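Here's the letter readout for the chains.
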Amino acid sequence: MRIKRRSRIAKNEPAAAQSTNVLLAAAFFILVCGMGTLVVNSATPETADYILTWLPWLVALCLAASFVQFVLVHVKSRPNLLLFPLAMTAVAVGLVMIARLNPPLVLPQIRWLLIGMAVLLVALRLNRRLGRLPGNYQYVWGLLCLVVLLTAIIFGTEIGGSRNWLVIGSFRVQPSEFAKLLLVLFLASFLADHRSLLTENKRRRVPPLRFIAPLIVVWSMAVLMFVIQRDLGAALLFFSLAVTMTYMATQNKAYLLAAFAFFLPAAGVSYLLFSHVARRFDIWLDPWQDPTGAAYQIVQSLFAFGAGGVWGRGLGDGAPLLIPEVHTDFIYAAIAEELGLIGGLVIIALYAVLFFEGIKIALAADNDGKMLLAAGLSAMFFFQSFFIIAGVSKFLPLTGITLPFISYGGSSMVASFATLGVLLSLSRGK
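All of these numbers come straight from a predicted model, not from anything done at the bench.

1. Quick notes on the overall build of the chain
Helix and strand counts for the chain stand at 16 helices and 3 strands. Taken over 430 residues, the chain has a buried fraction of 52%. Looking at the chain alone, contacts between residues at least 24 apart form 74% of all its contacts between residues at least 6 apart.

2. A look at the packing of helix α14 (residues 331-363) against helix α15 (residues 368-392)
Where α14 contacts α15, the two axes come as close as 9 Å, and the packing angle between them is 165°. Compared by their axis directions, α14 and α15 come out roughly antiparallel. For the pair α14 and α15, the crossing hand works out as left-handed. In this structure, α14 contributes Tyr 332, Ile 348, Tyr 351, Leu 354, Phe 355, Gly 358, Ile 359, Ile 361 and Ala 362 to the contact, and α15 contributes Met 371, Ala 374, Ala 375, Ser 378, Ala 379, Phe 381, Phe 382, Ser 385, Ile 389 and Val 392. Its residues assigned to classes, the contact of α14 with α15 shows 16 nonpolar, 3 polar and no charged.

3. Points about helix α13 (residues 296-308)
Side chains that are three or four residues apart share a direction in an α-helix, a result of its 3.6 residues per turn. Taking 1.5 Å per residue, 13 residues should reach 18 Å; α13 reaches 18 Å between its end C-alpha atoms and fits that length. Residues Ile 298, Val 299, Gln 300, Ser 301, Ala 304 and Gly 308 constitute the buried set of α13. In this fold, the buried residues of α13 make contact with α12 (275-285), α14 and α15. Trailing α13 by a residue or two, Gly 309 shows a phi angle of about 60°, which is positive.

Thresholds, definitions, all that
Residues numbered from 1 in each chain as written. Predicted model: local features only at pLDDT ≥ 70, side-chain atom pairs only at ≥ 80, totals over all residues. Heavy atoms only, no water. Helix = DSSP H or I, 4+ residues; strand = E, 2+ residues; numbered from the N terminus. Buried < 20%, exposed > 50% of the residue type's maximum accessible area, 1.4 Å probe, protein only. Contact = heavy atoms within 4.5 Å. Axes fitted to C-alpha atoms, helices over the stretch in contact; angles between N-to-C directions. Parallel < 35°, antiparallel > 145°, perpendicular 65-115°, else oblique. Left-handed = near helix turned anticlockwise from the far one by under 90°. Nonpolar A, V, L, I, M, F, W, Y, C, P; charged D, E, K, R; others polar. Expected span 1.5 Å × (residues − 1).

Structural data, given as structure tokens:
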């Protein structure tokens, strides 16, 4: 019976590989058609000149993506074949929108994409090491996460209202993008190693302090980032990951209550003591109190959503450039204006499938460490995309984080592909 089952799987593998190859080809089609539409709709020849300059790099990007797909299809212990084409579809949409919004940034974005794919291939070979995750350098991961965050707090430069950048000459890096991956590695390792201790007193309302001290440190760092760095997005992301992974490991609601009992008073005190915190929340509650000043971005974003309607105004026909820094935090608003509700829902569907596939990898894991790591990385993609989409649509306070694989940003792109590479490695099994 097992032999028959394996033969059926073997017969289905070429079909699965073929379907994902078609999805990758669809991503290339989106890229080509999007760039062509920009040339046709452009009123000036500069866009065509730009695209001719990009052409060798775009060809190199397509060849690199095809090579990565070839490796994924032919590597021993084949990984999940849907994740990479999904990411490349989002990448294609992002490159087209960046070309529309800020053409000089396309080449740097392609270079970061190529670096990200190289990082993905390196991470793909970590499956055996990840299998020994519980107890394996857990406090090293935690210490590295704190060090990376502290470098931004101590040496950081304020850009766009948040002090979360390290600037060395013309080179800029956002440490929190890499710290979130270290955070998930630490939490997965720590929670898997201490799972029995964290759940043995499940009936107790107050968790044992000696076991949750590392988690309290993580929560404290999230609040510290919120206050000092003015980085609401990273703070919410770190806090949500810590709470979610703790609950996944323990199924103990007491940890949820402790987390919110810790976070809500800290947020209230921050609102009362720090003007930038109060201003961010006041803008969220009522952006019309200062529509041409502090709330200008969110107001223009709401106008963009309204102007886009169901079908959108068409690629190149909207006015998304009225939104400052639209190619980073607000790129989803530009997509909603020019591609409409349909385009926006397609992007949400991409992230939903990406999250679903990540959870499937977690459920198929053969130990707690790999399960928590896969679930945590999947939750990271979910929370990051949810927070930024909710922020630009005024469902939540504006977070100022990037949309994975779509927004412009080297740190975000490399970190996203590193995360994807770890997920692919976990899907390979032993």
